[in-house]
Amino acid sequence: MAEYRLHCFGESGNAYKAALMLAVSGADWERVPVDYFNGQTRTPDFREEINAMGEVPVLEHRGRKLSQSGVILTYLAEQTGKFGPRDDDERYEILRWMLFDNHKFTSYYATLRFQFGIQKTGETAVTEFLRTRALSAYQIVEKQLGDREFLLGDRPTIADFSLAGYVYYPEETGIDLGQFPAIAGWKTRIAALPGWQAPYDLMPRAQS
Ligand SMILES: N[C@@H](CCC(=O)N[C@@H](CS)C(=O)NCC(=O)O)C(=O)O
């Protein structure tokens, strides 16, 4: 058995955050596929045995079961000694960006992509609202990356992997990403890290 086991499915960008960290830090890990589209995360078994919150990612390591991508990224940085903070200021800065990501950058964009790009709802009042909120979060990240290679400066950290969760997915959101050149450059720099792979190459798709 591999050292780390990640419960995941390909369409989950939150799981991709953890998978990406495992990949670029060269960890020994394996995927445990979760059948999200047939309701596995909503079953009593999953909630009792894997995660009471009914979500992926879940990371298993040496008897621990961890959920929430921010917790998993923090844990992996500590375990591997890679991509973590170098001092307290960086620790708070990483936490700040990961909280912003979970609340605004990932959540609106991921929900928009799920509705518009996967469920194919077409344009609705909800997708319009989500796109407005996602665009606002993208503009904030665009500004942050305007004079930096990565979120904290000249080296990648787990904050970058958190915000990178959904940016490589191909599904349509109705957002023209061409208006965010700094984010495009940042994506290219992350994709150049040894071990980087795109989401559907790193994790099995739940939907065929
Ligand atoms: N804040 C959580 C979000 C996790 C999350 O939303 N996971 C989704 C997949 S991307 C999920 O498993 N949803 C299951 C469900 O809603 O039934 C994290 O960062 O890990």
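Residues numbered from 1 in each chain as written. Predicted model: local features only at pLDDT ≥ 70, side-chain atom pairs only at ≥ 80, totals over all residues. Heavy atoms only, no water.

Asker: What's the story with the site of the ligand in this structure? I'm lost.
Answerer: Around the ligand lies a shell of 14 residues, among which Ser12, Thr41, Val56, Gln68 and Ser69 are the nearest. Take serine 69: an N or O atom from its side chain is 2.6 Å from an oxygen atom of the ligand. The protein chains hide 77% of the 520 Å² of surface that the ligand would expose on its own. (Near = heavy atom within 4 Å. Polar contact = N/O pair within 3.5 Å; in protein donor to acceptor, adjacent residues only side chain to side chain. Areas by Shrake-Rupley, 256 points an atom, 1.4 Å probe, with all protein chains shown as cover.)

Asker: Honestly, helix H5 (residues 125-144) in this entry has me stumped. Any pointers?
Answerer: Counting along an α-helix, one turn takes 3.6 residues, and residues three or four places apart therefore face a common direction. Under the 1.5 Å per step criterion, the end-to-end length of H5 is 29 Å for 20 residues, consistent within 8% with the ideal 28 Å. Looking only at H5, the buried set comprises Thr127, Leu130, Arg131, Ala134, Ala137, Tyr138, Val141, Glu142 and Gln144. Buried positions in H5, seen along its axis, are confined to an arc of 145° and lie on one side of it. H5 presents Ala125, Thr132 and Lys143 as exposed residues on the side facing more than 90 degrees away from its buried surface. For H5, the secondary structure elements touched by its buried residues are helix H4 (88-118), helix H6 (158-163) and helix H7 (181-191). Near the N-terminus of H5, the side chain that reaches the backbone nitrogen of valine 126, with its oxygen 3.2 Å away, is that of threonine 124. (Helix = DSSP H or I, 4+ residues; strand = E, 2+ residues; numbered from the N terminus. Expected span 1.5 Å × (residues − 1). Buried < 20%, exposed > 50% of the residue type's maximum accessible area, 1.4 Å probe, protein only. Arc of directions from axis to C-beta. Contact = heavy atoms within 4.5 Å.)

Asker: So what exactly am I meant to see when it comes to the packing of H4 against H5 here?
Answerer: Between two packed helices, the angle of one axis relative to the other and the distance separating the axes together describe the packing. Closest axis-to-axis distance for the H4/H5 pair is 9 Å, and the angle between their directions is 140°. Considering the angle they form, H4 stands oblique to H5. Relative to H5, H4 is oriented so that their crossing is left-handed. Counting all contacts with H4, which are made through Trp97, Phe100, Lys104, Phe105, Tyr108, Tyr109, Thr111, Leu112, Gln115 and Phe116, the residues of H5 involved are Val126, Thr127, Phe129, Leu130, Arg131, Arg133, Ala134, Ala137, Tyr138, Ile140, Val141 and Gln144. Residues that form the contact of H4 with H5 fall into these classes: 15 nonpolar, four polar and three charged. (Axes fitted to C-alpha atoms, helices over the stretch in contact; angles between N-to-C directions. Parallel < 35°, antiparallel > 145°, perpendicular 65-115°, else oblique. Left-handed = near helix turned anticlockwise from the far one by under 90°. Nonpolar A, V, L, I, M, F, W, Y, C, P; charged D, E, K, R; others polar.)

Asker: I tried to follow the domain arrangement of the chain on my own but got confused; where do I start?
Answerer: Interface size is commonly expressed as the accessible surface area that is lost when the partners come together. Domain boundaries in the chain define domain 1 (4-83 + 195-202) and domain 2 (88-191). Averaged C-alpha coordinates put domain 1 and domain 2 at centres separated by 19 Å. Across the boundary between the two partners, domain 1 contributes 22 residues, which contact 21 residues of domain 2. For the domain 1 and domain 2 pair, buried surface summed over both sides reaches about 1700 Å², with 66% attributable to carbon and sulfur atoms. (Domains from an automatic or database assignment. Buried area = accessible area lost by both parts, 1.4 Å probe.)

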